[in-house]
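Structural overview for review
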Amino acid sequence: MNNLIDSHVNFGHELLKNSVSDICKEALENNIERILSINSNIFEFQKDINLIKDFNFVDITLGHHPNNTLNTNAEEIKRLLNENIKKFEDRIVGIGETGLDYHYNIPKNKQIECFKAHLDVASAHNLPCVIHMRDAETDMIEILSEYSKKLGKILIHCFTGSEEFAEKCIDLDCFFSLSGIITFKNASKLRETIKILPLERIIFETDSPYLTPDPYRGKVNKPGYLKIIIEKYCEITGNDYLTTSKISTNNYKKLFKINV
Ligand SMILES: [Zn+2]
């Protein structure tokens, strides 16, 4: 049996939070072996961990999304990260999602301050980082380069960057996760770019409930759709489906230090 991993599910989202057990059941029926539940509002981490605590095949991250940084600061982020790591270290596999998003008008200095707070704590605890990057390639590379010596493994989640950004991230030993965006009709440039990413650095995600892959756009996304994304990746790159599934699953386990 060939087992897949969905490396980004937002179980805390309104559209998913009341059906976690159904989603998990359907995921298992669709050859999903593990799921990574993403915390993107650190003030709701307790709620997020309660949703998944009975599901041993669900891992969880701890972090505060750049779009949520308006009402907090680096000091508070550091305190909440450290407190929760201490309390839930047996379940937390990584820090994030964190990062930079210049698409909306959240002040850059606020985002950078909070992002660096995550990187400091991740470095201190040797935890991998799940990173969100939108329209912020230059600052992202600058900050990751600054931290690269002390920081553990880095995952650029829902990769949509330029070829130049991809090359710099490869040099920084980053991993990349690919989402349903690679199936979108208007994503032909991205489909070209992902050809340069080494398979040894690739994992897959649905980002449920967002980014539903073609041909299901308009519906709520779910881990059960993950195989569509992997099939599309194989069609684009010419890689074999079974090999890709196996390698990407191993990549996830290496990245998040999962020993099962
Ligand atoms: Zn994101």
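Residues numbered from 1 in each chain as written. Predicted model: local features only at pLDDT ≥ 70, side-chain atom pairs only at ≥ 80, totals over all residues.

**Points about the sheet that holds strand S6 (residues 154-156)**
Test applied: Pairing between strands is defined by DSSP: at least two bridges between them are needed. Strands here mean DSSP runs of E at least two residues long; helices mean DSSP runs of H or I at least four residues long; both are numbered from the N terminus. Simply put, an axis is a line fit to the C-alpha atoms, just over the touching stretch for a helix, and the angle between two N-to-C directions goes from 0 to 180 degrees.
The strand order across the open sheet built from 8 strands is S1-S2-S3-S4-S5-S6-S7-S8, with neighbouring strands paired in parallel fashion. Pairing within the sheet leaves two strands with one partner each, and these edge strands are strand S1 (4-9) and strand S8 (202-204). Adjacent strand axes in the sheet meet at a mean angle of 30 degrees, parallel and antiparallel pairs treated alike. Strand direction decides the pairing type here: strand S4 (residues 92-101) and strand S5 (residues 129-134), joined by 5 bridges, are parallel.

**Quick notes on the pairing of S4**
Threshold: Exposure classification rests on a simple neighbour count of other C-beta atoms within 10 Å of a residue's own: a residue reaching 20 or more is buried, one at 12 or fewer is exposed, and one in between is partly exposed. C-beta atoms are placed from the backbone. By convention, a crossover is right-handed whenever its connection, traced from the first strand over the helix to the second and viewed with the strands pointing away, goes clockwise.
Of all 10 residues making up S4, 9 are buried, and the element is well covered by its neighbours. When strand S3 (residues 58-62) meets S4, the two strands line up parallel, connected through 3 bridges. Bridged to Thr61 within S4 is Gly94. At this point the chain moves from S4, through helix H4 (residues 108-125), to the parallel S5, and the crossover so formed is right-handed.

**What about the domain arrangement of the protein chain?**
The criterion, for reference: For the purposes of this description, domain bounds are those given by an automatic or database domain assignment. Any two residues are considered in contact once their C-beta atoms, placed from the backbone, lie within 7 Å. Under the scheme applied here, ten amino acids are nonpolar (Ala, Val, Leu, Ile, Met, Phe, Trp, Tyr, Cys and Pro), four are charged (Asp, Glu, Lys and Arg), and all others, including Gly, are polar.
Considered domain by domain, the protein chain is made up of domain 1 (1-37 + 175-228) and domain 2 (71-156 + 169-174). The C-alpha-based centres of domain 1 and domain 2 are spaced at 22 Å. With 5 residues of domain 1 at the interface, the matching set in domain 2 holds 6 residues. The class makeup of the residues in the side of domain 1 that touches domain 2 is 3 nonpolar, 1 polar and 1 charged.

**Concerning unusual backbone geometry**
Note that the residue after Ser208, namely Pro209, is joined by a cis bond; omega there is 5 degrees. With respect to the element layout, Pro209 can be found in the loop between S8 and helix H8 (226-237). In the segment running from Asp214 into Pro215, the intervening peptide bond is cis, with an omega of 5 degrees. Locating Pro215 in the fold gives a position in the loop between S8 and H8.

**Describing the nonpolar core**
Quick reminder of the rule: The term nonpolar core means buried Ala, Val, Leu, Ile, Met, Phe, Trp, Tyr and Cys residues held together as one set by C-beta atoms within 7 Å.
Counting 69 residues, the largest nonpolar core has Cys129, Ile154, Leu155, Ile156, Phe176 and Leu178 as its most contacted members. The element contributing the most residues to this core is H4, with 6 residues. No fewer than three residues from each of domain 1 (1-37 + 175-228) and domain 2 (71-156 + 169-174) sit in this core. Setting aside residues up to four positions removed in sequence, Ile154 forms contacts with Pro128, Cys129, Ile131, Leu144, Leu172, Cys174 and Phe175.

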